[in-house]
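Read off the chains here:
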Amino acid sequence: MAVTVVNTSSSPALPGAGLGVSFGILLAISSTHLINDMMQSVLLALYPLLQGSYSLSFVQIGLITVAFQCSASLLQPLIGLYTDKHPMPWLLPAGMGFTVGGLILLSRADSYPLILLAAALIGVGSAVFHPESSRIARMASAGKHGLAQSIFQVGGTMGSAVGPLLAAAFIVPFGQPSVAWVALLALVGVIVLTGISRWHAANINGVRGRRALKPGGELPANGKVRLALTLLLILMFSKFVYLASLNSYFTFYLIDNFGLGIQQAQYSLFIFMFGSALGTIAGGPLGDRFGRKKVILGSILGAAPFSLALPFVSLPLTLVLVFIVGFIIASAFPAIVVYGQELVPGKTGAISGLFFGLSFGIAGIGAAAIGALADFYSIETVYRLCALLPLLGLVAFMLPDMRRSEP
């Protein structure tokens, strides 16, 4: 049965009403999201190089992802929950400082344990960045929450797309020490985030902050909230384990199956990442226009026909299909985050931290499991099994509707 919920974006009490969408802040936070996630993507793109230099197994490759993802996923909801009650506007540039430290350590690491520590430090930076930045995006949205979330998230997706190109063009030719130069980009992020923190401090207790972050309107029943959150967890498992199979192992699949070199495989990974960036741009505004549930259902289940075909086609078709899969499945996450924020009003940081944290944790555990299966069977066999995951999008039919109420 559908749940009817008053959506404040269609009432006179619109979050940020009369203030307008702060596109400058949204673009700034999106650009730092690009830098943050580009740093993460550089780590992922280094996997073939690290595997050759340190003779790592697929399980060890997966554990690097676990170190990064779990440090991010465990801390994000805790940071979001705390800062919902005790805002800390200056936490953002400090968090990017952890990323800088992790990158410098990664450039100098000469053992597997140090690589794991560097990955964990980069994860801490993300743990601070995502819940705080998602709150700022909502404050800047003036009620257009899906649009703001898409602008914020597309920076991260573009950063993930640029990371493999940066690694292929710069890090692979010059080796692991060149990662230290990449850390300079993270320092630029610290500077930009310092300015964003000033805006955050000036607005958190003002009209924009109160209207965007405080509860308002009729709330869904607790049972419906629990059901919706459980279903979202299943959908996120489907989405992010499948994405982990592509983010962490697509390059290995291309190398093993089609005989590509490392640089060619990295450029091919960019095609998937670019499709994901375009999908992220589309997902939020479509959710504002047609409803979050429809976008979530269409983006995860809609990717299934293409994911199922992907392991059985030629290299040119593989690149076409992986672009389509990236576009479709990436459109889900802006809608998922805003849907969750509407389920639990007033807990923007906690819900954002929970969802971003779960996305990291699920992907990390999934990457390790996929690596273990790939060692035992083959990367091609696991690739075919992971193609079934978008079929779990069927559970989106059971999500309660969050319908707009007419004024």
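In case you missed it, the structure is sitting above this.
None of these values were measured; they are calculated from a predicted model.

**Student:** Quick question: what am I supposed to make of the nonpolar core here?
**Tutor:** If you look at the biggest cluster of nonpolar residues, it comprises 109 residues, and the most contacted ones within it are Ile64, Leu232, Ile296 and Leu399. With 17 residues, the single largest contributor to this core is helix α9 (residues 222-258). Not counting chain neighbours up to four residues away, the residues in contact with isoleucine 64 comprise Leu43, Tyr47, Leu50, Leu56, Tyr112, Ile115, Leu116 and Ala119.

**Student:** Would you mind showing me how to read the environment of serine 378 here?
**Tutor:** By secondary structure assignment, the location of serine 378 is in the loop between α15 (348-376) and α16 (379-386). Its relative accessible area of 27% is what places serine 378 among the partly exposed residues. Distance from serine 378 to aspartate 256, taken between C-alpha atoms, is 9.8 Å for residues 122 residues apart in sequence.

**Student:** Help me understand the side chain of asparagine 203, please; the structure alone is not making it clear to me.
**Tutor:** As for its position among the elements, asparagine 203 is in helix α7 (residues 179-203). Note on asparagine 203: relative accessible area 19%, which makes it buried.

**Student:** Where do I start with unusual backbone geometry in this structure?
**Tutor:** One can expect most non-glycine residues to show negative phi and most peptide bonds to be in trans. Its identity is not glycine, yet serine 55 carries a phi of approximately 55°, on the positive side. Positionally, serine 55 belongs in the loop between α2 (47-54) and α3 (58-85).

**Student:** Would you take a moment to explain α2 for this structure?
**Tutor:** Residues spaced three or four apart along an α-helix point in a common direction, a consequence of the helix completing one turn every 3.6 residues. Among all positions in α2, only Tyr47, Pro48 and Leu50 are buried. Buried residues of α2, seen end-on, are gathered within an arc of 165° and therefore sit on one face of the element. Turning to α2, the residues buried within the fold contact α1 (23-45), α3, α5 (112-139), α9 and α10 (262-290). Note on α2: the residue one or two positions beyond its end, serine 55, has a positive phi of about 55°.

**Student:** Sorry if this is basic, but what is going on with α16 here?
**Tutor:** All of the buried residues in α16 are Ile379, Val382, Tyr383 and Cys386. Axial view of α16: buried residues confined to an arc of 105°, hence all on one face.

**Student:** What should I look at first to understand the packing of aromatic side chains in this one?
**Tutor:** The description of two aromatic rings rests on the distance between their centres and on the angle between their planes. Per the stated rule, a full pass over the model turns up 12 aromatic pairs. Ring plane angle 85° and centroid distance 5.2 Å describe the contact between phenylalanine 240 and phenylalanine 333, whose orientation is recorded as edge-to-face. Of this pair, phenylalanine 240 sits in helix α9 while phenylalanine 333 sits in helix α14 (residues 332-343), and the two are 93 residues apart along the sequence. Ring centres of phenylalanine 270 and phenylalanine 274 lie 5.9 Å apart, and the angle between their planes is 25°; on these two criteria the pair is classed as stacked. Of the two residues, phenylalanine 270 and phenylalanine 274 are both situated in helix α10; the distance of four residues between them amounts to about one turn of the helix. For phenylalanine 270, a relative accessible area of 25% corresponds to the partly exposed category. Classification of phenylalanine 274 by relative accessible area gives partly exposed; the value is 39%.

Conventions adopted
- Along each chain, residue indices are assigned from 1 in the same order as the chain's sequence is written.
- Only residues with pLDDT of at least 70 get local features here, since the model is predicted, and only at 80 or more are side-chain atom pairs given and counted; chain-wide, interface and lining totals rely on the full set of residues.
- Only heavy atoms go into the side-chain values, all of them from the structure, while hydrogens and water stay out.
- Here, nonpolar core means buried Ala, Val, Leu, Ile, Met, Phe, Trp, Tyr and Cys residues that are tied together by side-chain atoms lying within 4.5 Å of each other.
- Think of it in three bands: residues with accessible area under 20% of the maximum for their type are buried, residues over 50% are exposed, and the middle band is partly exposed, with areas taken using a 1.4 Å probe on protein chains only.
- Secondary structure follows DSSP: runs of H or I at least 4 residues long count as helices, runs of E at least 2 residues long count as strands, and numbering of each begins at the N terminus.
- Residue contacts follow a heavy-atom distance rule, with two residues in contact if any of their heavy atoms lie within 4.5 Å.
- Note that the arc is computed from the directions linking the helix axis to the C-beta atoms.
- Each Phe, Tyr or Trp ring (for Trp, its six-membered ring) is paired with any other whose centre lies within 6.5 Å, and the angle between the two planes then decides the class: stacked below 30 degrees, edge-to-face above 60, tilted in between.

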